[in-house]
Amino acid sequence: MVTGQRRSLGAATIGLIGFLALVELTSGILQGYYVPLISDLVKHLGIHDADFNWFEAAQLLLSALVVPVLAKLGDMFGHKKILLVSTAVTALASWWLLLAGDFTSFLIAWALQGFYTVWLPLEVALIFDRGRRGGMAASTTRRAAGLLVVALELGAIAGALAAGRLFEAFGGNVALTLSIPAIAVSLVFFVILFGVPESEPLPDRKLDGTGFVILTLALLLVSSSLAFLRINGSETWWVWAIMAAGILLFWPFVRYELRQKDPAIDLRVLRQPNMWPVQITAFLFGISVLGAQAPLSTFAGTDPANGYGLGLDSSDRSTLIGVYLISMIVGALLFSFVSRFMRPRVALIVAAFLVAAGSLLFLPFHATVTQVITNMVIAGLGSGALVAALPAAAAAAAPRGQTGIAAGLTNTTKTIGGSFASAIFGIVLLQGAVEAAGTAASLSGYMIVWAVCGGGALVAAVLLFFVPKLAFADSEFAPEAVKEPVG
């Protein structure tokens, strides 16, 4: 009886993963589709190239704010419900982009499209809930997360490859070109509606509104200060004042949360040895996976006559990024495979060391395309594994009823880490270019970027040694698991 029910649960879980893979494929399309169109969108809106930074900053800011709230609401009311809400908002924003003909309306629509960033944490929570009923929540979620990341990266590659070609096929019609991702998100709404079962939230939960208000204000101040730091520069005093105010707000937030029975974020769970290293790793990982993208692109495009750089045109740079994305796919697949035989903690440590090695290898080896690709592949293998592993590990470390918020926090901390690194790296490279008598200081700026990325990943790998050896493994099969309904 138990065996038959576990088989039924396993089949249902496989079906769930298949539907959620379509969601992540769409998420990847959103992330890859617009990048080749940036120059055309700038012309369409009649703005400057630098103004596009505001779109990216606004979306990163909004995602940092909404992910914790939406993830918590998923824990309270059901992860499918919130996944549907976030998908509906993303679809409406995607359609709004077709009609937005000015900077302000496009900025608002672009920011609202960032609701898709909560999809992966909610999906992890859905899979974890389904696996919990069969006593295999942690292992099922790890393997599924790897497959979801594969779908994500495939979608990003497909989106990036299709966008430019569709733009040409549509005769340069911006609205028609932008309709493709809007259609994709709209279709995936119905995939979720009819194909994804609801999770089982704990009853009698309350939303800690005051806690979320304080947290939102703190994140708003910190994230916006990082955006202003990137745009206005480090010499702007009020940027640092905003950042300090945001950091100081975390103190009353902590004091308030520790007094709550059902807090917005359970800090007692966060300080457990199987949770805090994961969240810090997500922050440090964000430095390399999000913050170093622009420096890598500019380095690859720099003319070697300047004393450094690869001199690649936009097409070759796209190929370089494509190789990195493919290595992330391989890393996610390897993580999904080796997690069957290797302790989850060890897999996380190995992945972090790969990111560190790939980044630090740039310091001595960056003169040729072959060297750069080798470094990127090594870092990409670790990055693909970490993108899959971190939300799954956080979900496994969280008590029942907090899997969504735990997985969502890895996304928020990663985003903040990437925003911080992007702002700092931009300043370092700009000052190096302005102050240098030759090109040595500019190259030293890139050296700093690679050293920070590698050093951050190295610190993360060391911190993960503090995680208990048997963390993130399946718990003993509970008798009540077989008593819960399949459907």
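About the thresholds
- Residues numbered from 1 in each chain as written.
- Predicted model: local features only at pLDDT ≥ 70, side-chain atom pairs only at ≥ 80, totals over all residues.
- Heavy atoms only, no water.
- Helix = DSSP H or I, 4+ residues; strand = E, 2+ residues; numbered from the N terminus.
- Buried < 20%, exposed > 50% of the residue type's maximum accessible area, 1.4 Å probe, protein only.
- Contact = heavy atoms within 4.5 Å.
- Areas by Shrake-Rupley, 256 points an atom, 1.4 Å probe, with all protein chains shown as cover.
- Salt bridge = Lys/Arg side-chain N within 4 Å of Asp/Glu carboxyl O.
- Phe/Tyr/Trp six-rings, centres within 6.5 Å; stacked < 30°, edge-to-face > 60°.
- Core = buried A, V, L, I, M, F, W, Y, C linked by side-chain atoms within 4.5 Å.
- Axes fitted to C-alpha atoms, helices over the stretch in contact; angles between N-to-C directions.
- Parallel < 35°, antiparallel > 145°, perpendicular 65-115°, else oblique.
- Left-handed = near helix turned anticlockwise from the far one by under 90°.
- Nonpolar A, V, L, I, M, F, W, Y, C, P; charged D, E, K, R; others polar.
- 1 Å grid on protein atoms, 1.4 Å probe; cavity = no way out; pocket = protein on both sides within 12 Å on 5 of 7 lines; lining within 4 Å.
- Points joined across faces, edges and corners; volume = space filled by probe spheres on them.
- Patch = residues over 30% accessible without salt bridge, like charges linked within 9 Å, V, L, I, M, F, W, Y side chains within 5 Å.

Asker: I'd like a rundown of the overall build of the protein chain, residues and numbers included.
Answerer: Along the backbone of the protein chain there are 18 helices and 0 strands. Here the C-alpha coordinates of the protein chain stretch approximately 75 × 50 × 45 Å along the principal axes. In the protein chain, which comprises 487 residues, the share counted as buried stands at 54%. Sequence-distant contacts in the protein chain: of pairs separated by 6 or more residues, those separated by 24 or more amount to 82%. Approximately 20200 Å² of the protein chain is accessible, and the part contributed by carbon and sulfur atoms is 69%.

Asker: Describe the pattern of salt bridges, listing the residues and the values that go with them.
Answerer: A side chain of one charge can pair with a side chain of the opposite charge if their charged atoms are brought near each other. In the structure shown here, the tally under the stated rule is 2 salt bridges. Put simply, Asp262 and Lys72 hold a salt bridge, and the shortest N to O gap is 3.5 Å. Placement of Asp262 in the loop between helix H10 (237-257) and helix H11 (267-270) and of Lys72 in helix H3 (residues 52-77) is noted, with a sequence separation of 190 residues between them. On the basis of relative accessible area, Asp262 is assigned to the partly exposed category, the value being 21%. Accessibility expressed as a relative area gives 1% for Lys72, which makes it buried.

Asker: Help me get a handle on the packing of aromatic side chains, residues and values and all.
Answerer: A complete count under the given rule lists 18 aromatic pairs for this structure. Aromatic side chains Phe189 and Phe190 sit 5.4 Å apart centroid to centroid with 85° between the ring planes, which places their arrangement in the edge-to-face category.

Asker: Any details on the nonpolar core? Residues and values, ideally.
Answerer: By size, the foremost hydrophobic cluster in this structure holds 63 residues, and its most contacted members are Phe299, Leu348 and Val372. The set of elements that each furnish at least two residues to this core consists of helix H7 (137-169), helix H12 (276-289), helix H13 (293-301), helix H14 (314-338), helix H15 (344-360), helix H16 (369-397), helix H17 (403-435) and helix H18 (440-463). With 12 residues, the single largest contributor to this core is H16.

Asker: An account of the packing of helix H4 (residues 79-99) against helix H8 (residues 174-195) is needed here, citing residue identities and associated values.
Answerer: Where H4 meets H8, the axes come as close as 8 Å, and the angle between the chain directions of the two elements is 165°. With respect to their mutual orientation, H4 and H8 come out roughly antiparallel. Relative to H8, the crossing made by H4 is left-handed. In this structure, H4 contributes Lys80, Leu83, Leu84, Thr87, Ala88, Thr90, Ala91, Ser94, Trp95, Leu97 and Leu98 to the contact, and H8 contributes Ala175, Leu178, Ser179, Ala182, Ile183, Val185, Ser186, Val188, Phe189, Ile192 and Leu193. Class assignment of the residues belonging to the contact of H4 with H8 gives a composition of 16 nonpolar, 5 polar and 1 charged.

Asker: Quick one: what's the story with the layout of surface pockets, residue by residue and with numbers?
Answerer: In this structure, the second largest pocket occupies an estimated 580 Å³ of space. Together, 19 residues line the second largest pocket, and Leu219, Phe250, Leu270, Thr413 and Ile416 are the ones closest to its centre. Counting only elements with at least two residues in the lining of the second largest pocket, the list comes to helix H9 (209-232), H10, H11, H12 and H17.

Asker: With reference to specific residues and values, describe the side chain of Thr403.
Answerer: Looking at the element boundaries, Thr403 is found in helix H17. For Thr403, a relative accessible area of 7% puts it in the buried group.

Asker: Run through a nonpolar patch on the surface, naming residues and quoting values.
Answerer: Where nonpolar side chains cluster on the molecular surface, the patch consists of Phe353, Leu458, Val462, Phe465 and Phe466 and spans about 460 Å² of accessible area. Relative to the elements of secondary structure, Val462 occurs in helix H18. A relative accessible area of 41% places Val462 in the partly exposed class.

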